[in-house]
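Topology and contacts: notes
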Amino acid sequence: MQIVNLLREQILILISTPVYLVIIGLEMLLSNYQHRKLYTWKDTLANLYLMLLNAGLDLLFRAMYLLVLGYFYQRRIITYTNIFVYWTILLIAEDFMYYWLHRFDHEIRLFWAVHVTHHSSEKLNFTVGFRSSVFQPLYRFIYFIPLALFGFKPLDIIFIYSATQIWGILVHTELINKMGWLEYILVTPSHHRVHHASNPKYLDKNMGMFLIVWDMLFGTFQAELTDKAYQPKKYGLTKNIEKKDAINIVFHEWKSIFRDISRKDTSWKEKWSYVFGPPGWSHDGSRLTSKELRQQEADNMIHSRNLLNRKSSH
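Calculation criteria
- Residues numbered from 1 in each chain as written.
- Predicted model: local features only at pLDDT ≥ 70, side-chain atom pairs only at ≥ 80, totals over all residues.
- Heavy atoms only, no water.
- Helix = DSSP H or I, 4+ residues; strand = E, 2+ residues; numbered from the N terminus.
- Expected span 1.5 Å × (residues − 1).
- Polar contact = N/O pair within 3.5 Å; in protein donor to acceptor, adjacent residues only side chain to side chain.
- 1 Å grid on protein atoms, 1.4 Å probe; cavity = no way out; pocket = protein on both sides within 12 Å on 5 of 7 lines; lining within 4 Å.
- Points joined across faces, edges and corners; volume = space filled by probe spheres on them.
- Nonpolar A, V, L, I, M, F, W, Y, C, P; charged D, E, K, R; others polar.
- Phe/Tyr/Trp six-rings, centres within 6.5 Å; stacked < 30°, edge-to-face > 60°.
- Lys NZ or Arg CZ within 6 Å of the ring centre and 35° of its normal.
- Buried < 20%, exposed > 50% of the residue type's maximum accessible area, 1.4 Å probe, protein only.
- Arc of directions from axis to C-beta.
- Contact = heavy atoms within 4.5 Å.
- Axes fitted to C-alpha atoms, helices over the stretch in contact; angles between N-to-C directions.
- Parallel < 35°, antiparallel > 145°, perpendicular 65-115°, else oblique.
- Patch = residues over 30% accessible without salt bridge, like charges linked within 9 Å, V, L, I, M, F, W, Y side chains within 5 Å.
- Areas by Shrake-Rupley, 256 points an atom, 1.4 Å probe, with all protein chains shown as cover.
- Salt bridge = Lys/Arg side-chain N within 4 Å of Asp/Glu carboxyl O.
- Left-handed = near helix turned anticlockwise from the far one by under 90°.
- Core = buried A, V, L, I, M, F, W, Y, C linked by side-chain atoms within 4.5 Å.

**So, helix α3 (residues 83–107)**
An α-helical turn contains 3.6 residues, so a residue and the one three or four places further along point in the same direction. Helix length check: α3 (25 residues) gives 36 Å between terminal C-alpha atoms against 36 Å at 1.5 Å per residue, within 8%. Sitting at the head of α3, Asn82 places a side-chain oxygen 2.9 Å from the backbone nitrogen of Phe84.

Structure, rendered in structure tokens:
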């Protein structure tokens, strides 16, 4: 059975790899044909580099986290007899747990230091889907422990994560518009463009990998707006990194955290907040969190509207 499970994941990789190559090739051709400049060589190579680092670390660490998941599976509190029910619940439950993993990666700076690599590209194309959070395999399995405890086999958890990740990669594109009624159920390219945009209204929105319903339920959903309704999307970080060498792409936020906690003008409570508070938090207001940036933008819009009203009344 273990061999069958391992082969199933290998088959998934064998099937998905040529699909990736075809769609990336088509996107590159369309990008050049439409003069949209969706790709640069430097950015694409960085995406490949981060993918290889993540995959290598995942393989090295896999035996350990499979043992942990196996420990909890042996102590499972539920056993499934219907295979259809088993896989359906696993798909939904794994996507639910990933939502919280992804959300905490955005809302806690320690984990944002890992995840920021995925958002550091100023482009959005299929290869950005491979721009992995390098160190995430070191803790991602913790979110899947409840799945093992509720009767799902460790290798099945890994398989369904890999399967939903395929969809998660395919939504990294600007070439697919809105998808009708699917926009209310699945994470679509439209939803994920919002997620990668650094405009204040779009920050920390649309955290799901496969299903968008979690964002709608837990208040992190934001529909993609037209350029007339809002401002054009800007991809990347609120403050993009200047040195985009191989080391700095991975460690720039860690360096920033170290500088913040090394400050002599901060208390231990403030140092704690610099590590476990939201990204952008600062003790002196010199930086702003996503929530504060959204509030600032809303205040500016109200101020501008009031000025226009005053002018029109004279």
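**What to know about empty space enclosed by the protein**
If you walk through the whole model with that rule in mind, you get one cavity of 30 Å³ or more. The computed volume of the largest cavity comes to approximately 50 Å³. The wall of the largest cavity is formed by Asp58, Tyr65, Leu69, Pro137, Arg140, Phe141, Phe144 and Ile158. For the lining of the largest cavity, the element with the most residues is helix α2 (residues 41–74), which contributes three residues. Each residue belonging to the lining of the largest cavity can be placed in one class, and the counts come to six nonpolar, no polar and two charged.

**Let's talk about the packing of aromatic side chains**
Overall, the coordinates contain 26 aromatic pairs when judged by the stated rule. Taken together, Phe96, Tyr99, Trp100, Phe104, Tyr143, Trp214 and Phe218 form an aromatic cluster joined through their ring pairs. The side chain of Arg75 reaches across the aromatic face of Tyr71, ending 3.8 Å from its centre. The ring centre of Tyr73 lies 4.2 Å from the NZ or CZ of Arg76, which sits over that ring.

**Points about the layout of surface pockets**
Considered as a void within the structure, the largest pocket measures approximately 1200 Å³ in volume. Among the elements of the structure, α1 (2–33), α2, α3, α4 (109–119), α6 (154–170) and α7 (189–196) are those that each provide at least two residues to the lining of the largest pocket. Looking at the lining of the largest pocket, the element that brings in the most residues is α2, giving twelve residues. Of the residues contributing to the lining of the largest pocket, the split by class is 22 nonpolar, 21 polar and five charged. Reported here for the second largest pocket is a volume of approximately 940 Å³. Surrounding the second largest pocket, 33 residues form its lining, Leu237, Thr238, Lys239, His252 and Glu253 being those nearest its centre. At the level of secondary structure, the elements contributing two or more residues to the lining of the second largest pocket comprise α4, α7, α9 (246–261) and α11 (290–313). Across the lining of the second largest pocket, the residue classes break down as nine nonpolar, 14 polar and ten charged.

**What about helix α10 (residues 268–276)?**
Considered for burial, the residues of α10 that qualify are Lys271, Tyr274 and Val275. Burial along α10 is one-sided: seen end-on, the buried residues are contained in an arc of 95°. Opposite the buried face of α10, by more than 90 degrees, sit the exposed residues Lys269 and Trp272. Where α10 is buried, its residues contact α4 and α9.

**Observations regarding unusual backbone geometry**
Residue His35 is not a glycine yet carries a positive backbone phi of 55°. Residue position: His35 is located in the loop between α1 and α2. The backbone of Asn206 shows a phi angle near 55°, a positive value even though the residue is not glycine. Inspection of the secondary structure assignment puts Asn206 in the loop between α7 and α8 (213–218).

**Observations regarding the packing of α3 against α4**
For any two helices packed against each other, the geometry is given by the interaxial angle and the distance between the axes. The geometry of α3 relative to α4 is characterised by a closest axis approach of 6 Å and an angle of 100° between their N-to-C directions. With respect to each other, α3 and α4 are oriented roughly perpendicular. On α4, the residues that touch His102, Phe104, Asp105, His106 and Glu107 of α3 are Arg109, Phe111, Trp112, His115 and His119. Of the residues assigned to the contact of α3 with α4, the class counts are three nonpolar, four polar and three charged.

**Some remarks on a nonpolar patch on the surface**
Taken together, Ile83, Phe84, Val85 and Ile89 make up a surface patch of nonpolar side chains, about 400 Å² in accessible area. Structurally, Ile89 is set in helix α3. Assessed through its relative accessible area of 35%, Ile89 is described here as partly exposed.

**Remarks on the packing of α4 against α9**
At a closest axis distance of 6 Å, the pairing of α4 and α9 adopts a crossing angle of 155°. Relative to α9, the element α4 lies roughly antiparallel. In this structure, α4 meets α9 at a crossing whose hand is right-handed. Counting all contacts with α4, which are made through Arg109, Leu110, Trp112, Ala113, Val114, Val116 and Thr117, the residues of α9 involved are Ile249, Val250, His252, Glu253, Trp254, Ser256, Ile257 and Asp260.

**Concerning the nonpolar core**
Membership of the largest hydrophobic core comes to 24 residues, with the highest contact counts inside it found for Leu90, Phe144, Leu147 and Ile157. At the level of elements, α2, α3, α5 (145–149) and α6 are the ones that each hand at least two residues to this core. Examining the composition of this core, we find that six residues originate from one element, α3, more than from any other. If we ignore the near neighbours within four places in the chain, the residues touching Phe144 are Leu69, Glu94, Met97, Ile157 and Tyr161.

None of this, on its own, says anything about what the molecule does.
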